[in-house]
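Geometric and topological summary
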Amino acid sequence: MSVDAATVKRIGRLARIRVEENEVEKYQGEINAILGFVAQLDEVDIAGVEPMTSVMPMQLRRRDDVVTDGGYPAKVVANAPLTEDNFFMVPKVIE
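Residues numbered from 1 in each chain as written. Predicted model: local features only at pLDDT ≥ 70, side-chain atom pairs only at ≥ 80, totals over all residues. Heavy atoms only, no water.

Along the protein, the regular secondary structure elements total three helices and two strands. For the protein, the α and β elements follow one another from N to C terminus as α-α-α-β-β. Dimensions of the protein, computed from the C-alpha atoms along their principal axes, are close to 65 × 45 × 30 Å. Counting all 95 residues of the protein, 6% fall into the buried class. About 9,600 Å² of surface is accessible on the protein, with carbon and sulfur atoms providing 56% of the total. Charge separation in the protein, taken as the distance between the mean sites of 11 positive and 16 negative side-chain charges, equals 6 Å. (Helix = DSSP H or I, 4+ residues; strand = E, 2+ residues; numbered from the N terminus. Buried < 20%, exposed > 50% of the residue type's maximum accessible area, 1.4 Å probe, protein only. Areas by Shrake-Rupley, 256 points an atom, 1.4 Å probe, with all protein chains shown as cover. Lys, Arg positive; Asp, Glu negative; His and termini not counted. Charge placed at Lys NZ, Arg CZ, Asp CG, Glu CD.)

Dropping the structure here:
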């Protein structure tokens, strides 16, 4: 895949990066080199390779998913304009 000058300008506009006319050719070459490297990755045989998230085997630390009130409900609603029994009070919006 090859990128032309118009595509470089469009990428710059989408990325909100100012691309001057004298820089287009340089960026075109850099983008084409990156795409060439990515195309090389298609040649790698990955049959039988498990997907992984890291090169080191890792286990996520997990905790029990327990619902609590946080242990300090009064602090949670301390800055609210209106509260009642540790609940936020809001104006009625549906009649």
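This is not the end of the story, as more comes after the structure.
Another point: the packing of helix α1 (residues 5-14) against helix α2 (residues 24-41). Between α1 and α2, whose axes approach to 9 Å, the crossing angle comes to 90°. The orientation of α1 with respect to α2, classified from their angle, is roughly perpendicular. Residue-level inspection shows A5, V8, K9 and I11 of α1 in contact with α2, the latter providing V24, Y27, Q28 and I31. (Axes fitted to C-alpha atoms, helices over the stretch in contact; angles between N-to-C directions. Parallel < 35°, antiparallel > 145°, perpendicular 65-115°, else oblique. Contact = heavy atoms within 4.5 Å.)

With that settled, the discussion passes to the packing of aromatic side chains. Inspection of every chain in the model, using the stated rule, returns zero aromatic pairs. The aromatic ring of Y72 is capped on one face by K75, whose charged end is 5.9 Å from the ring centroid. (Phe/Tyr/Trp six-rings, centres within 6.5 Å; stacked < 30°, edge-to-face > 60°. Lys NZ or Arg CZ within 6 Å of the ring centre and 35° of its normal.)

Pairs can form between side chains of opposite charge once their charged atoms are near each other. All chains considered together, the criterion is met by one salt bridge. In this structure, E21 engages K9 in a salt bridge whose closest nitrogen and oxygen atoms are separated by 2.9 Å. A residue pair is termed long-range when its members are at least 10 positions apart, and E21 in the loop between α1 and α2 and K9 in helix α1 qualify at 12 residues. Take E21: its relative accessible area is 58%, and that puts it in the exposed class. Given a relative accessible area of 37%, K9 falls into the partly exposed group. (Salt bridge = Lys/Arg side-chain N within 4 Å of Asp/Glu carboxyl O.)

Averaged over every residue, the pLDDT of the protein is 90; the share at 70 or more is 99%. Averaged pLDDT values over the elements of the protein bottom out at 88 in helix α3 (residues 73-76) and peak at 95 in α1. (pLDDT = per-residue confidence, 0-100.)

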